[in-house]
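Now for the letters of each chain:
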Amino acid sequence: MAEQRRALRARMRAGERLAGTFVKTPNVAVMEVLILSGLDFAVLDAEHAPFDRGAMDACLAVARAHDFPVLVRVQDDAPARILDVLDMGATGIVVPHVDGVAKAESVSRAARFGLGGRGYAGSTRWAGYTTQRMPDLLARSREETVVLGQIEEPAGVDAAGGIAAVDGLDGLFIGPSDLSVAYGHDSLDNPDLPAAIASVGRAAAENGKTFVTWVPNSGMAADWAKHGFTMFVVSSEHGWILQGAREMAQAIRNLS
């Protein structure tokens, strides 16, 4: 029974504090290490990291074998990309640059079974390679599959109320760096970002959707929790490797 994978969406809806990270290295060993970390989920970054189909398939196979929830940030909102990663076994998707209601509706439709939506096949990894019944699979998809839309442009902020109201969209994911750049700034320390967070946060809360963001560390997560975020994608394995290596290198240099 896929308890952890199936539970992620329910935990999101219950407002639990959840910690994950972006995965930038297309390698199953990295996936195996992160599975042992105690994180609640991970996000394979197919938008900004070199995941080809083979590496994606291998990482999702390992995660699924360990019942570890993995989302995939797809490159765009193309239905074929969404279908591909869900069939390979992703627990859900993160779609970048959701800047309007029409795109949110298209994303939700592509990730859900039904007329004009996700194509059904019982022969995929997600479906158990023909070992499960169609009614059970359709019910599991409704219960398990997570769909997050990233708000990364001013247009997305302006449309956040309508986006959050889209049925089948589970959460709004603030992209703080993209939003800051889109507003014309070169750092996260700017007046437009907190205003955007407040606006999108209200839309998420009013529609019962999970409010998600990326943060570089737990300190910022503690500070930003006041905005209503409950799901945090913290740094990446690259960031943690650099942080740990730098701290160790400095500690060795400081030995007396």
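In what follows, the accompanying structure is described. Per-chain numbering applies: the sequence of each chain, read as written, is numbered from 1 onward. Per-residue local features are limited, in this predicted model, to residues with pLDDT of at least 70; the limit for side-chain atom pairs, both in listing and counting, is 80 or more; totals at the level of whole chains, interfaces and linings are taken over all residues. Side-chain numbers come from the whole structure's heavy atoms, not from hydrogens or water.

## A short note on a nonpolar patch on the surface
- A surface patch of nonpolar side chains, amounting to about 330 Å² of accessible area, comprises Met248, Ile252 and Leu255.
- Along the polypeptide, Met248 turns up in helix H12 (residues 237-253).
- Under the relative-accessibility criterion, Met248 is labelled exposed at 52%. In this scheme, patches are assembled from residues that exceed 30% relative accessible area and form no salt bridge. Like charges are connected within 9 Å, while nonpolar side chains (Val, Leu, Ile, Met, Phe, Trp, Tyr) are connected within 5 Å. Exposure was quantified through the Shrake-Rupley algorithm and a 1.4 Å probe, taking into account, for residues, occlusion by the shown protein chains and nothing else. When a carboxyl oxygen of Asp or Glu is within 4 Å of a side-chain nitrogen of Lys or Arg, the pair counts as a salt bridge. Note on conventions: DSSP H or I runs of at least 4 residues are helices, E runs of at least 2 residues are strands, and numbering of each starts at the N terminus. Each residue gets one of three labels from its accessible area relative to the maximum for its type: buried under 20%, exposed over 50%, partly exposed in between, using a 1.4 Å probe on protein chains only.

## Points about the sheet that holds strand S2 (residues 42-45)
- The parallel closed barrel is built from 8 strands, whose spatial order is S1-S2-S3-S4-S5-S6-S7-S8. Across the sheet, the mean angle from the axis of one strand to that of its neighbour is 25°, orientation sign disregarded.
- Strand pairing is assigned whenever DSSP identifies at least 2 bridges connecting the two strands. In this sheet, strand S4 (residues 92-95) lies alongside strand S3 (residues 70-73) in parallel orientation, the contact comprising 3 bridges. Looking at S4, one finds that Leu71 is bridged to Gly92.
- Contacts: residue pairs with any heavy atoms within 4.5 Å of one another. Here, axes are lines fitted to C-alpha atoms. For helices the fit covers the stretch in contact, and angles between N-to-C directions go from 0 to 180 degrees. Across the sheet, helix H2 (residues 28-35) lies against strand S1 (18-23), S2 and S3, angled at about 165° from S1, the strand it touches most.
- Where helix H3 (residues 53-65) meets the sheet, its contacts fall on S2 and S3, and the angle it forms with S3 comes to roughly 160°.

## Digging into the pairing of strand S5 (residues 146-151)
- Among the 6 residues that make up S5, 6 are buried, leaving the element largely enclosed by the rest of the structure.
- Going residue by residue along S5, you find Val146, Leu148 and Gln150 tucked away on one face and Val147, Gly149 and Ile151 tucked away on the opposite face as well.
- By the bridge criterion, 4 bridges tie S4 to S5 in an arrangement that is parallel. Residue Val94 lies in a different strand from S5, and its bridge partner there is Leu148.
- Alignment of S5 against strand S6 (residues 171-174), held across 4 bridges, turns out to be parallel. What sits directly across from Ile151, in S6, is Ile174.

## A few points about the pairing of strand S7 (residues 210-215)
- With 5 of 6 residues buried, S7 lies mostly within the body of the structure.
- Sheet topology places S6 next to S7; 4 bridges connect them, and they run parallel. Residue Leu172 lies in a different strand from S7, and its bridge partner there is Phe211.
- Relative to strand S8 (residues 231-236), S7 runs parallel, the two sharing 4 bridges. Pairing of Thr213 across the sheet is with Phe232, part of S8.
- With its strands directed away from the observer, a crossover is right-handed exactly when the path from the first strand over the helix to the second travels clockwise. What joins S7 to S8 is helix H11 (residues 218-224), and the crossover it makes is right-handed.

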